[in-house]
Amino acid sequence: MSFYDSTPLGRILSRVSSDLSVVDLDVAFKLTFAIGATFYAYSSFGVLTILSWELVFIILPTIYLCIIIQRYYLAAGKELMRINGTTKSLVASYLACKPVLL
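Residues numbered from 1 in each chain as written. Predicted model: local features only at pLDDT ≥ 70, side-chain atom pairs only at ≥ 80, totals over all residues. Heavy atoms only, no water.

Chemist: Honestly, the overall build of the protein in this entry has me stumped. Any pointers?
Modeler: For the protein, the helix and strand inventory stands at three helices and zero strands. Listing the helices and strands of the protein from first to last along the sequence gives α-α-α. Burial analysis of the protein (102 residues in total) assigns 3% to the buried set. (Helix = DSSP H or I, 4+ residues; strand = E, 2+ residues; numbered from the N terminus. Buried < 20%, exposed > 50% of the residue type's maximum accessible area, 1.4 Å probe, protein only.)

So this is what it looks like as structure tokens:
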């Protein structure tokens, strides 16, 4: 049996509309925020380096450490989003199969 034969059209349209909402709103906002924060941080590091060159020996290891920590938490966050999605889909499929008693 095909996915489209067993899944109601309303559920597919709901999923597509929620995905498009994420793309339209969340991605643009997060990208703008990330670019602004990155520019602000690097410009602050540049000013500190110009004013006090000794801070380069602190700033460079700090940037390296932040990148390593970010990679760890990004992987953990992706796994949590996957688990959250599968949990929601089980609840939704369970509720879709139950008859409504009034």
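Read on for the rest.
Chemist: Got a minute to help me understand a nonpolar patch on the surface in this structure?
Modeler: Together, L65, I69, Y72 and Y73 make up an exposed nonpolar region whose accessible area comes to about 470 Å². Tracing the backbone shows Y72 in helix α3 (residues 56-97). For Y72, a relative accessible area of 56% corresponds to the exposed category. (Patch = residues over 30% accessible without salt bridge, like charges linked within 9 Å, V, L, I, M, F, W, Y side chains within 5 Å. Areas by Shrake-Rupley, 256 points an atom, 1.4 Å probe, with all protein chains shown as cover. Salt bridge = Lys/Arg side-chain N within 4 Å of Asp/Glu carboxyl O.)

Chemist: I'm lost on the packing of aromatic side chains in this one. Help?
Modeler: Geometry of an aromatic ring pair is reported as the spacing of the ring centres plus the angle between the planes. Scanning all chains against the criterion turns up two aromatic pairs. An angle of 75 degrees between the planes, with centres 6.3 Å apart, marks the rings of W53 and F57 as edge-to-face. This pair shows no difference in class: W53 is exposed, exactly as F57 is. Here Y72 and Y73 contribute two aromatic rings whose centre-to-centre distance is 5.1 Å and whose plane-to-plane angle is 75 degrees, an arrangement assigned as edge-to-face. Residue classification places Y73 among the exposed residues on the basis of a relative accessible area of 55%. (Phe/Tyr/Trp six-rings, centres within 6.5 Å; stacked < 30°, edge-to-face > 60°.)

Chemist: Is there a simple way to think about helix α2 (residues 9-51) in this case?
Modeler: Counting along an α-helix, one turn takes 3.6 residues, and residues three or four places apart therefore face a common direction. Across its 43 residues, α2 extends 62 Å between first and last C-alpha, which sits within 8% of the 63 Å expected from 1.5 Å per residue. The sharpest bend along α2 reaches about 30 degrees and sits at D26. (Expected span 1.5 Å × (residues − 1). Bend = angle between axes of the 7 residues up to and from the residue.)

Chemist: I keep staring at the pattern of salt bridges and nothing clicks. Help me out?
Modeler: Pairing between side chains becomes possible if they bear opposite charge and their charged atoms approach one another. Inspection of every chain in the model, using the stated rule, returns one salt bridge. For the salt bridge of R82 with E79, the shortest nitrogen-to-oxygen distance reads 2.6 Å. Of the two residues, R82 and E79 both sit in helix α3, three residues apart, roughly one turn of that helix. On the accessibility criterion, R82 (46% relative accessible area) is partly exposed. Overall, E79 belongs to the partly exposed group, its relative accessible area being 38%.

Chemist: Can you walk me through the confidence of the model for the protein in this structure?
Modeler: Do not read the predicted coordinates in detail wherever pLDDT is low. Taken as a whole, the protein shows an average pLDDT of 80; of its residues, 80% reach a score of 70 or greater. In the model of the protein, helix α1 (residues 3-6) stands out as the element of lowest mean pLDDT, 68, in contrast to α2, which has the highest, 83. (pLDDT = per-residue confidence, 0-100.)

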